[in-house]
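Geometric and topological summary
Here is what each chain is made of, one letter per residue.
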Amino acid sequence: MLQAGQVTVSRLIVLGATGDLTRRYLLPGLARLAATGRLPDGLDVVASAVEDLDNDAYRHLAQEALDASEADPVAARVLLSALSYVPADVTRRDDLQEVLGQGDSPVAVYLALPHALAATVCGHLAAIGLPEGSHLVIEKPFGDSLESARQLNRAARAVVPERDVFRVDHFLAKSTVLNVLGLRFANRVFEPVWSNRDVEAVDIVFDETLGLEGRAGYYDRAGALRDMVQNHLLQVLCLVAMEPPPTLGETDLRDRKADVMRSVRPPAPEEMGRLTRRARWSPGELDGAPVDAYAEHDGVDPGRGTETYAEVTFFIDSWRWSGVPFRLRSGKALSNQRREAVIQFRPVPHLPTGLRGTPAPSRLRLGFGPDTLHLEIEVNGPGDPFELERAVLQQELAPGDLPAYAQVLEAVLEGDPLLSVRGDEAEEGWRVVEPVLQVWESGEVPLEEYPAGSSGPQPRPGDRPW
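Reading guide: rules and limits
Residues numbered from 1 in each chain as written. Predicted model: local features only at pLDDT ≥ 70, side-chain atom pairs only at ≥ 80, totals over all residues. Heavy atoms only, no water. Helix = DSSP H or I, 4+ residues; strand = E, 2+ residues; numbered from the N terminus. Rg over C-alpha atoms; globule rule 2.2 N^0.38 Å. Buried < 20%, exposed > 50% of the residue type's maximum accessible area, 1.4 Å probe, protein only. Contact = heavy atoms within 4.5 Å. Areas by Shrake-Rupley, 256 points an atom, 1.4 Å probe, with all protein chains shown as cover. Lys, Arg positive; Asp, Glu negative; His and termini not counted. Charge placed at Lys NZ, Arg CZ, Asp CG, Glu CD. Bend = angle between axes of the 7 residues up to and from the residue. Core = buried A, V, L, I, M, F, W, Y, C linked by side-chain atoms within 4.5 Å. Pairing = 2+ DSSP bridges. Axes fitted to C-alpha atoms, helices over the stretch in contact; angles between N-to-C directions. Parallel < 35°, antiparallel > 145°, perpendicular 65-115°, else oblique. Nonpolar A, V, L, I, M, F, W, Y, C, P; charged D, E, K, R; others polar. Phe/Tyr/Trp six-rings, centres within 6.5 Å; stacked < 30°, edge-to-face > 60°.

1. Description of the overall build of the protein chain
What the protein chain contains, in helices and strands, is 12 helices and 18 strands. For 466 residues, the compact-globule estimate of 2.2 N^0.38 gives 23 Å, and the C-alpha radius of gyration of the protein chain, at 24 Å, lies within 12% of that figure. Expressed as lengths along the three principal axes of its C-alpha atoms, the size of the protein chain is roughly 80 × 50 × 45 Å. Relative to its 466 residues, the protein chain shows a buried fraction of 53%. Considering only contacts in the protein chain between residues 6 or more positions apart, those separated by 24 or more positions represent 78%. When the accessible surface of the protein chain is totalled, it reaches about 20,400 Å², and 51% of it is carbon and sulfur. In the protein chain, 47 side chains carry a positive charge and 70 a negative one; their mean positions are 5 Å apart.

2. Quick look at helix 8 (residues 216-241)
The axis of helix 8 is deflected most strongly, by about 100 degrees, at Gly-223. With 23 of 26 residues buried, helix 8 lies mostly within the body of the structure.

3. Quick notes on the nonpolar core
Nonpolar side chains in soluble globular proteins tend to end up buried together. Ranked by internal contacts, the top residues of the largest apolar core, which has 143 residues, are Leu-15, Tyr-110, Leu-111 and Phe-326. The element contributing the most residues to this core is helix 8, with 14 residues. Among residues more than four places away in sequence, those in contact with Leu-111 are Leu-15, Ala-118, Val-121, Cys-122, Leu-136, Val-137, Ile-138 and Glu-139.

4. Things to note about the pairing of strand 15 (residues 363-368)
By the criterion of burial, strand 15 is predominantly enclosed, with 5 of the 6 residues buried. Looking at chain direction, strand 15 and strand 16 (residues 371-380) are connected through 6 bridges and run antiparallel. Bridged to Gly-367 within strand 16 is Thr-372. Connecting strand 15 to the next strand, strand 16, in antiparallel fashion are 2 residues, including Gly-369 with a positive phi near 145 degrees.

5. Examining the packing of helix 1 (residues 20-35) against helix 2 (residues 55-68)
Between helix 1 and helix 2, whose axes approach to 9 Å, the crossing angle comes to 85 degrees. It follows from the interaxial angle that helix 1 and helix 2 lie roughly perpendicular. Mapping the contact onto sequence places Thr-22, Arg-23, Leu-27, Pro-28 and Ala-31 in helix 1 and Tyr-58, Ala-62, Ala-65 and Leu-66 in helix 2. Looking at the contact of helix 1 with helix 2 residue by residue, the class counts come to 7 nonpolar, 1 polar and 1 charged.

6. Comments concerning the packing of aromatic side chains
Going through the model one piece at a time under the given rule, you end up with 9 aromatic pairs. Here Phe-171 and Phe-206 contribute two aromatic rings whose centre-to-centre distance is 5.4 Å and whose plane-to-plane angle is 65 degrees, an arrangement assigned as edge-to-face. Remark: Phe-206 occurs in strand 7 (residues 199-207) and Phe-171 occurs in the loop between strand 6 (165-168) and helix 7 (175-185); sequence separation between them is 35 residues. Judged by its relative accessible area of 2%, Phe-171 falls in the buried class. Ring centres of Trp-281 and Tyr-294 lie 5.3 Å apart, and the angle between their planes is 75 degrees; this geometry places the pair in the edge-to-face category. In this pair, Trp-281 is assigned in strand 9 (residues 276-282) and Tyr-294 in the loop between strand 11 (289-291) and strand 12 (309-316), connecting sequence segments 13 residues apart.

Take a look at the structure:
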């Protein structure tokens, strides 16, 4: 971990510094580092965006963002004192050069920009040149197709070496997601049953009660499959399914994740109707308030047919997981917020005569917010000792001392890419999802609807319950 006074980069340069990402996550994340003594002494934070502001005006905007996040006031003052602002259109090379300034000390350049601009900005950075040891930080999505991901990777590697490219998927920095590693590899009781011999199915779910929250411009061009499944949920799948790494060093861990991603098999064209679903919300009610249909929101093009609910079942072609369905689901404007991975174990091969009841499969649930661990098992009931009853062993997991984006920023400042997505992983994610997108865009899988505030599309005959 960084110690006070230990600086691996001289400056953190944030491009797109007036945007939602910077205001809601990056500035509060930096303030949290300051509050815990992890913001390095001497680090300059240079903010840049197209708005014509001076330092005082931008610091006022930053103070409002920090107040809204309830940042520690002392930490906020420390951050604001390190903060400066340079107005620029970073799609112009001369403007970007002015933001970068002069000097040969390493810098970290954070592209908090629309993803369509990333390759252009990388081209300018490559032409300008960054000092040796600099880092390039790119927010997901990493492209919008396999080919665009390849192009973005080439552009990024022309700026800095692969190890210095930080592709941010903040889901990897969530404390409970990382707890998957401790649960699996520090407890002998789980690893012997962590395979197709004993696991029947795996569900990875990220259901939200939120709607668009002002993101229609981005979301209507992305949809649930690109926005959540292609990155966040596939990354969780990798952590659940990967082989034990020899160390938690960035090479070992990311090698094992990449092994899984290369083994994921998307549904065949003839399976798409059975193994995938897409839907968008229709008029309904959330928390007692009426909600318009997704297609009626400002900034949405109804003809685009963007899904707000995506469900895909993948299989992993490996010795450990062959035949086990991994079902990934994410939806918006649903009745309940549900964020978890569920490992469902196979039923017992024989129930001794005399035990009464139909035992449900044992399930291990890992909640990603709130952070919880649930183990659902069958036990003898409290009355009749031969009557089976469901029991749930539950543990609340303490969150880490840093929120996800503070963890991401600390890793960037340390130069540790452990929690970032490697280029080959990003490309494999698109390889897995692109066949689904192509079939959906052809209309071969119908776009269903579900009322806002419901649990999603109606179950189909033969579907395994969620």
